[in-house]
Amino acid sequence: MQQSLPDPRPAEGLRPVINVSGTMTSLGASIVAPEVVDAVAAFLPHFVEMNDLQRKAGAVIAKATGAEFGVVTASASAGISQAVAACMTGSDLAKIEHLPRTDGLAKTEVVMQAGHMVNYGAPVEQAVRLTGATPVPVGGATEAREYQLAGAITERTAAALYVVSHHVVHYGQLSLAAFARVCRAKGVPVICDAASEYDLTGFLKAGADIVIYSGHKFLSGTTSGIVAGPKELIRATHLQSHGIGRGMKVGKEGIVGAMVALRAWEKRDHAAARAKEEGYLKFWKERLEKIPGLTPFITPDPTNNPLSRLHVAVDPEAANITAWDLADRLSAGSPPIIVRGHEAELQYFFLDPCNLHPGQEETVAARIEEECAWARSQPRPVRSDLDARNRAAEEALMRWPD
Ligand SMILES: *Cc1c(COP(=O)(O)O)cnc(C)c1O
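Bear in mind the structure is a predicted one, so any value in this text is a computation, not a measurement. (Residues numbered from 1 in each chain as written. Predicted model: local features only at pLDDT ≥ 70, side-chain atom pairs only at ≥ 80, totals over all residues. Heavy atoms only, no water.)

### Some thoughts on the overall build of the protein chain
Point 1. The helix and strand tally for the protein chain stands at 15 helices and 12 strands.
Point 2. Over its C-alpha atoms the protein chain spans a radius of gyration of 22 Å, differing by no more than 12% from the 21 Å that the globule rule assigns to 402 residues.
Point 3. Along the three orthogonal principal directions, the C-alpha set of the protein chain runs to about 70 × 50 × 45 Å.
Point 4. The 402 residues of the protein chain split such that 50% are buried.
Point 5. Taking as baseline every contact in the protein chain between residues at least 6 positions apart, the subset at least 24 positions apart corresponds to 71%.
Point 6. With the model as given, the accessible surface of the protein chain reaches about 19100 Å², and the carbon-plus-sulfur share is 55%.
Point 7. The distance from the centre of the 40 positive side-chain charges to the centre of the 45 negative ones in the protein chain is 4 Å. (Helix = DSSP H or I, 4+ residues; strand = E, 2+ residues; numbered from the N terminus. Rg over C-alpha atoms; globule rule 2.2 N^0.38 Å. Buried < 20%, exposed > 50% of the residue type's maximum accessible area, 1.4 Å probe, protein only. Contact = heavy atoms within 4.5 Å. Areas by Shrake-Rupley, 256 points an atom, 1.4 Å probe, with all protein chains shown as cover. Lys, Arg positive; Asp, Glu negative; His and termini not counted. Charge placed at Lys NZ, Arg CZ, Asp CG, Glu CD.)

### A few points about the packing of aromatic side chains
Point 1. Taken as a whole and assessed by the stated rule, the structure comprises 7 aromatic pairs.
Point 2. Geometrically, the ring pair formed by Tyr162 and Phe179 is edge-to-face, given 5.1 Å between the ring centres and 65° between the ring planes. Residue Tyr162 is found in strand β5 (residues 157-163), and its partner Phe179 is found in helix α7 (residues 176-185); the two are separated by 17 residues along the sequence.
Point 3. With relative accessibility at 8%, the residue Tyr162 sits in the buried group.
Point 4. The class for Phe179 is buried, based on a relative accessible area of 0%.
Point 5. With 5.0 Å between their ring centres and 15° between their planes, Tyr198 and Phe218 make a pair best called stacked. Residue Tyr198 is located in the loop between β6 (190-193) and α8 (202-205), and its partner Phe218 is located in the loop between β7 (210-214) and β8 (225-229); the two are separated by 20 residues in the primary sequence.
Point 6. Aromatic ring contacts, followed pair by pair, group Tyr198, Tyr213, Phe218 and Trp265 into a single cluster.
Point 7. The residue whose ring lies beneath Lys231 is Phe69, and the NZ or CZ to ring-centre distance is 5.8 Å.
Point 8. Above the ring of Trp374, the side-chain terminus of Arg329 is found at 3.4 Å from the ring centroid. (Phe/Tyr/Trp six-rings, centres within 6.5 Å; stacked < 30°, edge-to-face > 60°. Lys NZ or Arg CZ within 6 Å of the ring centre and 35° of its normal.)

### Side note on a nonpolar patch on the surface
Point 1. A cluster of nonpolar residues, Leu397, Met398 and Trp400, forms a patch on the protein surface that exposes about 440 Å² of accessible area.
Point 2. Assignment of secondary structure puts Met398 in helix α15 (residues 386-398). (Patch = residues over 30% accessible without salt bridge, like charges linked within 9 Å, V, L, I, M, F, W, Y side chains within 5 Å. Salt bridge = Lys/Arg side-chain N within 4 Å of Asp/Glu carboxyl O.)

### Section: the site of the ligand
Point 1. Taken together, 13 residues surround the ligand, and among them Ala76, Asp193, Ser214, His216 and Lys217 come closest.
Point 2. His216 has a polar side-chain atom sitting 3.0 Å from an oxygen atom of the ligand.
Point 3. Considered class by class, the residues forming the shell around the ligand number 4 nonpolar, 7 polar and 2 charged. (Near = heavy atom within 4 Å. Polar contact = N/O pair within 3.5 Å; in protein donor to acceptor, adjacent residues only side chain to side chain. Nonpolar A, V, L, I, M, F, W, Y, C, P; charged D, E, K, R; others polar.)

### Quick look at the pairing of β8
Point 1. Summarising burial for β8: 5 of the 5 residues are buried, a large majority.
Point 2. Here β8 shows no split at all, with Gly225, Val227 and Gly229 on one side and Ile226 and Ala228 on the other all buried.
Point 3. Sheet analysis places strand β2 (residues 69-73) next to β8, joined by 5 bridges and oriented antiparallel. For Val72, the partnering residue across the bridge sits in β8 and is Ile226. (Pairing = 2+ DSSP bridges.)

### Details of the sheet that holds strand β9 (residues 294-300)
Point 1. If you trace the 3 strands from one edge of the open sheet to the other, you get β9-β10-β12, paired in antiparallel fashion. Both outer strands of the open sheet, β9 and β12 (348-351), are each paired with one neighbouring strand and no more. Averaged over all adjacent pairs, the angle separating strand axes in this sheet is 30°, with direction ignored.
Point 2. Sheet topology places β9 next to strand β10 (residues 308-314); 7 bridges connect them, and they run antiparallel. From the neighbouring strand, Leu294 faces β10, where its bridge partner is Val314.
Point 3. Running at roughly 15° to β10, helix α11 (residues 270-288) makes contact with β9, β10 and β12 of the sheet. (Axes fitted to C-alpha atoms, helices over the stretch in contact; angles between N-to-C directions.)

### Concerning the pattern of salt bridges
Point 1. With the rule as written, the count across this model stands at 21 salt bridges.
Point 2. Glu155 is the partner of Arg156 in a salt bridge, and the nearest nitrogen-oxygen pair spans 3.7 Å.
Point 3. The exposure class assigned to Arg156 is partly exposed, which follows from its relative accessible area of 37%.
Point 4. Taken together, the shared-partner salt bridges connect Arg329, Arg367, Glu370 and Glu371 into one network.

### Notes on the sheet that holds β8
Point 1. Read across the open sheet, the 7 strands follow the order β2-β8-β7-β6-β5-β3-β4; overall the sheet is mixed. Single-partner strands in this sheet number two, and they are β2 and β4 (134-138). Strand-to-strand twist in this sheet, taken as the mean axis angle between neighbours without regard to direction, amounts to 25°.
Point 2. Each of β2, β7 and β8 is contacted by helix α9 (residues 231-239), which is oriented at about 20° to β2, the strand it contacts most.

See below:
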């Protein structure tokens, strides 16, 4: 087992952020599991025949998911593109090299519910369009029906994409089982984007043909995507590395990392991990409920992952600060605390307990207490204009690298 090395961030001038936002790729995704760190370090100095390594990884993916086979891609997003391309070209190398031009291809459309057209850092439908395919929305944002899905499927439909995520609209959507039933009746393969989901077998059981996970999220692997499905389609997915997948190349460290992360996941003491997370949540709840204007409560994950978070409701009058200003001050302070704040405009944020090093739970509580005490000492309510705040974030991005 590797020794834990000193924190390299200060020497590089990087802020020592504490992540209570979840497995955010913008923060480096997750704490990579020690088994993965060791395995990657052992492989890095050696040459390896990559098709053989992928063959080994495929067997590990098959065992973990119950699929016939699997392949590792550069990311889940790359997995979506390559799986969609596979459904258009099959294993025909001439067609694979022809993408993203789609002239000469019979099937070039991908149906998906409008409520699933989300952005995980980039639009999911762009991962489809990268291949040359055309996404076809089904239904409206908050309502999709089986007849609408059936009506959207034509002889041009190459695949159907189903997204499982906290990002999607959570009502009025078709279940994966219903979605897959309609698609299966019409001979259309279903690709399920389950990048952030813990359940390695359920989506295939519910009827998906291909399921895609991120290796670097809950699995705590290196940056990678895991694609599981029937051998024919997995082969066609892998062969895209001779075409549009070339620019999405996964290295040996990504493949080994995903393989070992899957094996480690099988052996992990999930009950102990959950108990540790629940301990952090209770600790934070007790500390934060003493702060005027904050109402913390423990809430389950919206997509039924075996994980809870602390929902921290902010009463901007009683706390003298809005949820988004509190989140911004926590992130700007020292040490920086990044909360799960994508819904902060609704006056709450979450604390996610999955990615903490021991002792950080205390720092998080203390920093929230400190910022709230500061807010109460202000003569006027701390309330920045939400549009201006969002514009400032965009402007800061546009100034990168300055
Ligand atoms: C994170 C995420 C992705 C992208 O995953 P990467 O492996 O980082 O490319 C795709 N879909 C969903 C639903 C996600 O949550």
